[in-house]
Amino acid sequence: MKTLRRLTLGAALAASLATLGPAAPASARDEQPRVVAIHAKRFAFEPKEIHLAKGEPVTLAVTSEDVTHGFFSRQFHVDEDLAPGKTVSIPLTPAEPGTYTVICDHYCGSGHGGMKMVIVVE
Amino acid sequence: MDIFDRRRFLKIAGVSLGAGALYSVAAPALGEGAAGRFMELLRKKNGERPTPFSFVQFSDTHVGFDGPADPLGTQAFERAVDMVNALPERPDLVLFTGDLTHDSEKPGEHADRMRLFKKIAGRLTVPFRVVPGEHDAALDGGTLFRDAFGETHYSFDHRGVHFIALDNVSLGKPAVGAAQLEWLRADLARFPRTAPIVVYTHRPLFDLRPDWEWFTSDGDQVLNALAPYENVTVLYGHIHREHEHTEGNATHYASRSLIFGFPDPEAAGKDAPRKPLPFDATRPFQNLGIRRVTERAPARPEVRTVDLTLREYSGTVGIQQILKEGDES
């Protein structure tokens, strides 16, 4: 397992070095996951809805703008705490089309129960 | 030869009172000789001889809540206190399964609500015990709650039943946490597997409806710790409605709230929001169930003992046998 991990890291490092040149191949650039910015603020996520493509690797960059929030989806196996002012990167590759609810699961005040967003996978 | 079915011997029965639920730990009619010998067996195995008693569960009083979902404030709570005080068969205690108060960020207001809760609950003529809900303890990590009521998790024994209060709110998230899990395992270690155990907590310990935050993220570890024990009853609140769920040896019961109700999670659509049931001024306590008392059992609504071994139910709230097969060896 360790050997495999080293090989994987080595391959990633090689791929990373290959993108350092001034004219990195288009294919290498395309491998970077799309970053989707999400902001959390009492008592809503912004945007309230995002659309992702089935099988497309993305990184959700989630930032709390006020207090500690949570970012929870049982279907996506995501359960993150969002400390104020820090951006948490959540890699995600949705496997199945559908509509998925994400909730704040860190109690943030009396409007907490309605703090959620939707991820639509197409 | 004494022949009796030990599975029928000791059980918890529950009946909806609208004021939460009344549970009865009772022995059915048996020959006194057989009953006495079996109680003695339990005393040796469990350290204390179980004796019949009843207790009441209240949940989600939300003292301080002010909104269209329930404009009556503490009226249902106060009515429930009066109802319990008037029971002809006095329960031994009342357990509150969280959200005693509705939180407030105005300086001093949440503490005032804690005091009001204590004032109303203090009118009970029987002792009461509490666990916090997220509205009591999630914003400040339980500081105010501890000042008012003491520790957020603890255990005690009562007439042969081991009661465990679990806190799955004060970490801010729906979780018990590693430290409390360690405490739970140590607390359970001294009991034989036959010990009758009642756990009471705020949120469901299983995935009831995660997208409504009706779960506990490490609830599976709590249930794993409880799994070796044969007679486990879990009482919880949070969902503002009755619900029954059996998993392994544990049966989980939610009590109605003493404020607005929530819809049926299984009947609601997949993407349905969690919204309080609308208030009906013509039937102000309908979702709290107070009217069901007389409808169900007008003669003796306070206790209804049904043998769980036969999988019979009162029709309102579930009943859990707390002693199953014993080991007489």
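Structural data are supplied above this passage.
Remember, it's a predicted structure, so these values are computed and weren't measured experimentally. The numbering scheme is per chain: residues are counted from 1 as the chain's sequence reads. Here every chain gets a letter starting at A, and every ligand a number starting at 1, in the order they are written. Totals for whole chains, interfaces and linings use all residues, but because this is a predicted model, local features are given only for residues with pLDDT of at least 70 and pairs of side-chain atoms are given and counted only at 80 or more.

### Details of the overall build of chain B
Which entries qualify depends on this criterion: We count a stretch as a helix when DSSP gives it H or I for four or more residues in a row; a strand needs E for two or more, and each element gets its number in order from the N terminus. Exposure classes come from backbone-placed C-beta atoms, where a residue is buried if 20 or more other C-beta atoms lie within 10 Å of its own, exposed if 12 or fewer do, and partly exposed in between. For the purpose of contact definition, each residue receives a C-beta atom placed from its backbone, and two residues are in contact when these atoms lie within 7 Å.
The helix and strand inventory of chain B stands at eight helices and eleven strands. The buried share among the 329 residues of chain B stands at 47%. Across chain B, contacts joining residues at least 24 apart in sequence account for 73% of those joining residues at least 6 apart.

### Some thoughts on the sheet that holds strand S9 (residues 231-236) of chain B
Residue and element names in this part refer to chain B. To keep things clear, this is the line we draw: Any two strands are treated as partners once DSSP identifies two or more bridges connecting them. Simply put, an axis is a line fit to the C-alpha atoms, just over the touching stretch for a helix, and the angle between two N-to-C directions goes from 0 to 180 degrees.
With respect to topology, six strands assemble into an open sheet ordered S6-S7-S8-S9-S11-S10, the strand pairing being mixed. Each edge of the open sheet carries a strand with a single partner, namely strand S6 (154-158) and strand S10 (243-247). If you compare each strand with its neighbour and ignore which way they point, the axes differ by 20° on average. As judged from the five bridges shared by S10 and strand S11 (residues 250-254), these two strands associate in the antiparallel manner. Opposite Glu244, over in S11, you have Tyr253 as the bridge partner.

### A short note on unusual backbone geometry
That bond from Arg42 of chain A to Phe43 of chain A is cis: its omega, 0°, falls within 30 degrees of zero. Turning to its location among the elements, Phe43 of chain A is positioned in the loop between strand S1 (34-41) and strand S2 (44-46). Following Glu46 of chain A, the chain continues to Pro47 of chain A via a peptide bond in cis, the omega torsion being 0°. Positive phi is not limited to glycine here, since His77 of chain A has a value of about 55°. Within the secondary structure layout, His77 of chain A lies in the loop between strand S5 (69-73) and strand S6 (78-82). Although it is not a glycine, Asp60 of chain B adopts a positive phi angle of roughly 50°. Mapped onto the secondary structure, Asp60 of chain B falls in the loop between strand S3 (53-58) and helix H2 (75-85).

### Describing the packing of helix H6 (residues 178-188) of chain B against helix H7 (residues 219-226) of chain B
All names here are of chain B. Short version of the rule: With respect to orientation, any angle under 35 degrees is reported as roughly parallel, any angle over 145 as roughly antiparallel, any angle of 65 to 115 as roughly perpendicular, and every other angle as oblique. We call Asp, Glu, Lys and Arg charged. Ala, Val, Leu, Ile, Met, Phe, Trp, Tyr, Cys and Pro are nonpolar, and the rest, Gly among them, are polar.
The contact between H6 and H7 brings their axes to 10 Å, and the two run at 10°. In this view, H6 runs roughly parallel relative to H7, as classed from their interaxial angle. Two secondary-structure elements touch here, H6 through Leu181, Leu184, Arg185 and Leu188 and H7 through Gln221, Val222 and Ala225. Here the contact of H6 with H7 is composed, by residue class, of five nonpolar, one polar and one charged.

### Notes on H7 of chain B
All names here are of chain B. Applicable threshold: As used here, the arc is the angular range of directions from the helix axis to the C-beta atoms.
Those residues of H7 that fall on the buried side of the exposure criterion are Gly219, Val222, Leu223 and Leu226. Down the axis of H7, the buried side of the element spans an arc of 95°, and every buried residue falls inside it. Looking at the buried residues of H7, the elements they touch are H6, strand S8 (196-200), S9, S10 and S11.

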